[in-house]
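So you can see what is in the structure, the chains are spelled out below.
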Amino acid sequence: MNAQEVIDLEQSHVLGVYGRAPFVLARGAGSTLYDTEGRAYLDCVAGIAVNALGYNDAGVAQTMGEALASGMLHVSNLYHTAPHARLAALLCETSFADKVHFCNSGAEANEGAFKFARRYGRAYGGDDKVEILAFTNAFHGRTMGALAATPRPKYQEPFTPLMPGVRFAEFNKVESARAQMDATVCAIIVEPIQGEGGIHVATPDFLAGLRALADEYDALLIYDEVQCGVGRTGTLWAHQGYCTGEEGRLFEPDILTAAKPLAAGLPIGAILMRQRVADTIHKGDHGSTFAGGPLVTSVAHHVVSRVAQPAFLAEVEAKGKLLHDLLEEINSPHIVALRGKGLLVGVELDIEAADVVARGYAEGLILVNAGPTVLRLAPPLVITEAEIHEVVARLARTLHAL
Ligand SMILES: Cc1ncc(COP(=O)(O)O)c(C=O)c1O
């Protein structure tokens, strides 16, 4: 089949909820994707912050090979397996968490976090302590609970009624959050760096303020690190970038949700939590058929072990700074602002980001937007400095052409 035949076949049979690029991808290596016509693209999307180790990583392939050799792609959660236990232990060792629960995606991780928060709220505050506070511009996923905490009319309105019991405050405004707090709130959910909402970085005062509010009202602080977690910002968990010195604990959550890059592209989600949350959850409260299987947890263990290495994280930080500095040097009247941290960068434009994405393909650049006028750069964490120079040169040419 040639590219057009693949596109036609897909359009005939696949539900049309995605706007897809006008080519067919065939293979990847490092930070480069190749289409069926042999054209190469430098990938600044990484499966939307998924392919942290790029394409065709030798360690991932070896880990998968070893896991497959056991013959157990899957066993039910009714049975113990070593990879599952080892990954949970590693996630606890590298975070604030005491316990982990696995699921299959980011939205599912947030659904689980909401269930656990309501269980906690009822246990300590009674039957009314079930409300969730979320923020303007947030994105927590497309399932009914996660969508209820994602305040975008275009995503929500066709599907109402959503999960009740969600209220909103303004992102980065502690006083706005305070105005929404009362004894019925069981959890505050926030992205330390808002991804889909346009790459907005939470201020230290905002996160510390939310921690204080959560403590004051005995509510749980949930960080949604589905997009910004697992090394993307130069620390293993994005909030750890705020945790410097004695005051580190001021920024720690009670629950953290992770997904996208955890297993190098295999579907996984994880809900990390403190013991006092875990203490309120009982056998049978929650579960999943697929979650935490031996293959996916083996690969995730490889990813987390590698990304958590201080040298790897220092490189992400340095490469993020290089990307930011080079973007600042682009002399384009279309760039209005630069935001982000590490290798999660938002370029606010005065034109439609979709036009830049479309034009970028001709320059051999795979880009994605985050809202109508923000271009999002989230390349594989293993992108090289030379590739970053090339990305920015191609982006400059793309912008000049518009
Ligand atoms: C911050 C955040 N939370 C949750 C999700 C939902 O994750 P998934 O698409 O795996 O359900 C996303 C996806 O983009 C996200 O960026």
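Residues numbered from 1 in each chain as written. Predicted model: local features only at pLDDT ≥ 70, side-chain atom pairs only at ≥ 80, totals over all residues. Heavy atoms only, no water.

A word on the sheet that holds strand β15 (residues 365-366)
Sheet strands line up and pair through hydrogen bonds in the backbone, either parallel or antiparallel.
Reasoning step 1: Here 4 strands make up an open sheet; going across it, the order is β1-β2-β3-β15 and the pairing mixed. Both edges of this open sheet fall to β1 (25-29) and β15, since each of them pairs with a single strand only.
Reasoning step 2: For strand β2 (residues 32-35) and strand β3 (residues 40-43), the ladder comprises 3 bridges, and the chain directions are antiparallel. Each residue of the ladder has a partner; that of T32, found in β3, is L42. (Pairing = 2+ DSSP bridges. Helix = DSSP H or I, 4+ residues; strand = E, 2+ residues; numbered from the N terminus.)

Things to note about the environment of P379
Reasoning step 1: Relative to the helices and strands, P379 is located in the loop between β17 (374-377) and α14 (385-400).
Reasoning step 2: In sequence terms P379 and I222 are 157 residues apart; their C-alpha atoms lie 26 Å from each other.
Reasoning step 3: Non-local contacts of P379, meaning those with residues more than four positions away in its chain, are made with D43, C44, V45, A46, R232 and L343. (Contact = heavy atoms within 4.5 Å.)

Structural notes on the site of the ligand
Reasoning step 1: Residues in contact with the ligand amount to 13 residues; listed here are only the nearest, G106, A107, D224, Q227 and K260.
Reasoning step 2: Within the contact set of the ligand, an oxygen atom lies 2.8 Å away from a backbone nitrogen or oxygen of G106.
Reasoning step 3: Between a nitrogen atom of the ligand and a main-chain N or O atom of F139, the distance comes to 3.4 Å.
Reasoning step 4: Summarising the interface, the protein chains cover 81% of the accessible area of the ligand, which totals 390 Å² for the free molecule.
Reasoning step 5: In terms of residue count, helix α5 (residues 106-125) provides more of the shell around the ligand than any other element does, 3 residues in total.
Reasoning step 6: Split into classes, the residues belonging to the shell around the ligand amount to 3 nonpolar, 6 polar and 4 charged. (Near = heavy atom within 4 Å. Polar contact = N/O pair within 3.5 Å; in protein donor to acceptor, adjacent residues only side chain to side chain. Areas by Shrake-Rupley, 256 points an atom, 1.4 Å probe, with all protein chains shown as cover. Nonpolar A, V, L, I, M, F, W, Y, C, P; charged D, E, K, R; others polar.)

Re the sheet that holds strand β12 (residues 269-273)
Reasoning step 1: The strand order across the open sheet built from 7 strands is β4-β12-β11-β10-β7-β5-β6, with neighbouring strands paired in mixed fashion. Looking at strand neighbours, the two that pair on one side only are β4 (99-103) and β6 (166-169), the edges of this open sheet. Adjacent strand axes in the sheet meet at a mean angle of 20°, parallel and antiparallel pairs treated alike.
Reasoning step 2: Sheet topology places strand β5 (residues 131-135) next to strand β7 (residues 185-190); 3 bridges connect them, and they run parallel. Bridge pairing in β7 places L133 opposite I188. (Axes fitted to C-alpha atoms, helices over the stretch in contact; angles between N-to-C directions.)

Topic: the pattern of salt bridges
Reasoning step 1: Evaluated as defined, the whole model comprises 21 salt bridges.
Reasoning step 2: Between D127 and R122 there is a salt bridge, and its shortest N-O distance comes to 3.3 Å.
Reasoning step 3: We note a salt bridge from E216 to R178, for which the minimum N-O separation is 3.4 Å. With E216 in helix α9 (residues 204-216) and R178 in helix α8 (residues 174-180), this residue pair connects regions lying 38 residues apart in the sequence. (Salt bridge = Lys/Arg side-chain N within 4 Å of Asp/Glu carboxyl O.)

Let's talk about the layout of surface pockets
Reasoning step 1: There is about 910 Å³ of room inside the second largest pocket.
Reasoning step 2: Taken together, 31 residues make up the lining of the second largest pocket; nearest its centre are N77, H84, V100, H101 and F102.
Reasoning step 3: Those elements that provide at least two residues to the lining of the second largest pocket are α4 (82-93) and β4.
Reasoning step 4: By residue class, the composition of the lining of the second largest pocket is 14 nonpolar, 13 polar and 4 charged. (1 Å grid on protein atoms, 1.4 Å probe; cavity = no way out; pocket = protein on both sides within 12 Å on 5 of 7 lines; lining within 4 Å. Points joined across faces, edges and corners; volume = space filled by probe spheres on them.)

A closer look at the nonpolar core
Reasoning step 1: By size, the foremost hydrophobic cluster in this structure holds 68 residues, and its most contacted members are L91 and L327.
Reasoning step 2: When residues in this core are grouped by element, the largest group, 7 residues, is from helix α12 (residues 310-329).
Reasoning step 3: Residues from two domains meet in this core; each of domain 1 (3-57 + 310-400) and domain 2 (70-307) gives at least three.
Reasoning step 4: Among residues more than four places away in sequence, those in contact with L327 are I335, L338, V345, V347, L377, V392 and L395.
Reasoning step 5: The next biggest cluster of nonpolar side chains, apart from the first, holds 27 residues, and it includes A113, A117, L147 and M273. (Core = buried A, V, L, I, M, F, W, Y, C linked by side-chain atoms within 4.5 Å. Buried < 20%, exposed > 50% of the residue type's maximum accessible area, 1.4 Å probe, protein only. Domains from an automatic or database assignment.)

Focus: a nonpolar patch on the surface
Reasoning step 1: Taken together, the side chains of L15, V17 and Y18 make up a nonpolar region of the molecular surface, amounting to roughly 400 Å² of accessible area.
Reasoning step 2: With respect to the secondary-structure elements, L15 resides in the loop between α1 (3-13) and β1.
Reasoning step 3: A residue is classified by how much of its surface remains accessible, and L15, at 69% relative accessible area, is exposed. (Patch = residues over 30% accessible without salt bridge, like charges linked within 9 Å, V, L, I, M, F, W, Y side chains within 5 Å.)

Focus: the pairing of strand β13 (residues 335-341)
Reasoning step 1: Both β13 and strand β14 (residues 344-349) contribute to a ladder of 6 bridges, which runs antiparallel. Directly across from K341, in β14, lies its bridge partner L344.
Reasoning step 2: The antiparallel hairpin formed by β13 and β14 contains 2 residues in its connecting segment, where G342 sits at a positive phi of about 60°.

Topic: the domain arrangement of the protein chain
Reasoning step 1: One can read the domain layout of the protein chain as domain 1 (3-57 + 310-400) and domain 2 (70-307).
Reasoning step 2: The centre of domain 1, based on its C-alpha atoms, is set 26 Å off from the matching centre of domain 2.
Reasoning step 3: At the junction of the two partners, domain 1 supplies 29 residues and domain 2 supplies 27 residues.
Reasoning step 4: Carbon and sulfur atoms supply 59% of the area buried between domain 1 and domain 2, which totals about 2,200 Å² over both sides.
Reasoning step 5: In terms of surface lost to domain 2, no three residues of domain 1 exceed L313, K341 and L344, which account for 28% of the buried area on that side.
Reasoning step 6: The interface formed by domain 1 and domain 2 includes 2 salt bridges.
Reasoning step 7: Residue D57 is joined to R306 by a salt bridge in which the shortest nitrogen-to-oxygen separation is 2.8 Å. (Buried area = accessible area lost by both parts, 1.4 Å probe.)

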